[in-house]
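# Report on the structure
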Amino acid sequence: MNVSEIAITAAMVAGFVAVHLFVNRLHILDVTPRSRWLSFAGGVAVAYVFLHVLPDIAAHQREFAAGMGLQSIAAESVIYSLTLAGLSLFYGLERAVKVSRGVSRAEGEGDRMKDDVLYLHLVTYGTFNALIGYLLLHREEAGPWSLGLYFVAMSLHFLTADFGMRQDHRQAYDRLARWVISAAVVGGWVLGIFVELSPVLIGCLFAFLAGGIILNVLKEELPEERQSYFMPFLLGVVLYAVLILAERHWV
């Protein structure tokens, strides 16, 4: 790891933090029906997972098998089980949020999360953000194009996820949550400067990250009340797919 890489990724971390801190000022997103930009951002994140993260994991299957001391099929099952675990964890969290908001409404406390669910939300998303910050410096695939694709995809993912989180508990997000998740992504990046995990563990982290991203995008796009848009979502998928395939085959 050299000084220029640290400087470039530091600027990217600052970009992540800016999304967290200032998403509440992007009034163009806070409209009904849902902003087309959020659907576009979701498409980009999904394309990145399916055409970049998961293929990278598959390409390194032999290394994972050797590092885990398992046969190839068993190692593959472990990796994709982690993707499923990431998806399941965030689904469980979203269900807890919905139940908590329902209880608050029933008790006359307004449409808000209970404090215990709020803190669980912060811990989970904080850990998720720390992982994204760490992987700025330790991705499966090195190189400037790979780094750029990762940064854009994760920035747009943060835009979608933060907007949804703020809808769940606007006051708590503006007062506390945005600062916690901003600190988490910075902390993960700082950890990445001093700690280098094994390639096998990094692959496992990427797999878990993929599951979380998939669930976060789907839970924002699919519910009927979101009134989301298919064409902007599809445009995001196609545009980023073209960029990823170009990076794979021509860069």
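Structure first, text after, so check above.
The written sequence of each chain sets the order in which its residues are numbered from 1. Local features in a predicted model are, by the rule used here, given only for residues with pLDDT of at least 70; side-chain atom pairs are given and counted only at 80 or more, and totals for whole chains, interfaces and linings are based on all residues. Processing note: side-chain calculations cover all non-hydrogen atoms of the structure and skip hydrogens and water entirely.

### Quick look at the pattern of salt bridges
Applicable threshold: Here, a salt bridge means any Lys or Arg side-chain nitrogen found within 4 Å of an Asp or Glu carboxyl oxygen. To sort residues, take the accessible area from a 1.4 Å probe on protein chains only and compare it with the maximum for the residue type: under 20% means buried, over 50% means exposed, and anything in between is partly exposed.
This structure, assessed with the given rule, holds one salt bridge. Between Arg166 and Asp174 there is a salt bridge, and its shortest N-O distance comes to 2.8 Å. Judged by its relative accessible area of 21%, Asp174 falls in the partly exposed class.

### What about the side chain of Glu94?
Test applied: Helix and strand assignments follow DSSP, with helices taken as H or I runs no shorter than four residues and strands as E runs no shorter than two, numbered in order from the N terminus. By definition, residues are in contact when any of their heavy atoms lie within 4.5 Å.
With respect to the secondary-structure elements, Glu94 resides in helix H4 (residues 72–106). When neighbours within four sequence positions are excluded, Glu94 is seen to be in contact with His121, Tyr125, Asp168, Leu215 and Lys219.

### Observations regarding helix H1 (residues 3–22)
Short version of the rule: By this rule, a helix spans an expected 1.5 Å times one less than how many residues it contains.
Here H1 is 20 residues long and its end C-alpha atoms lie 28 Å apart, about the 28 Å a rise of 1.5 Å per residue gives. All buried positions along H1 are accounted for by Thr9, Met12, Val13, Phe16, Val17, Val19, His20 and Leu21. For H1, the secondary structure elements touched by its buried residues are helix H5 (115–135), helix H6 (144–168) and helix H7 (170–194).

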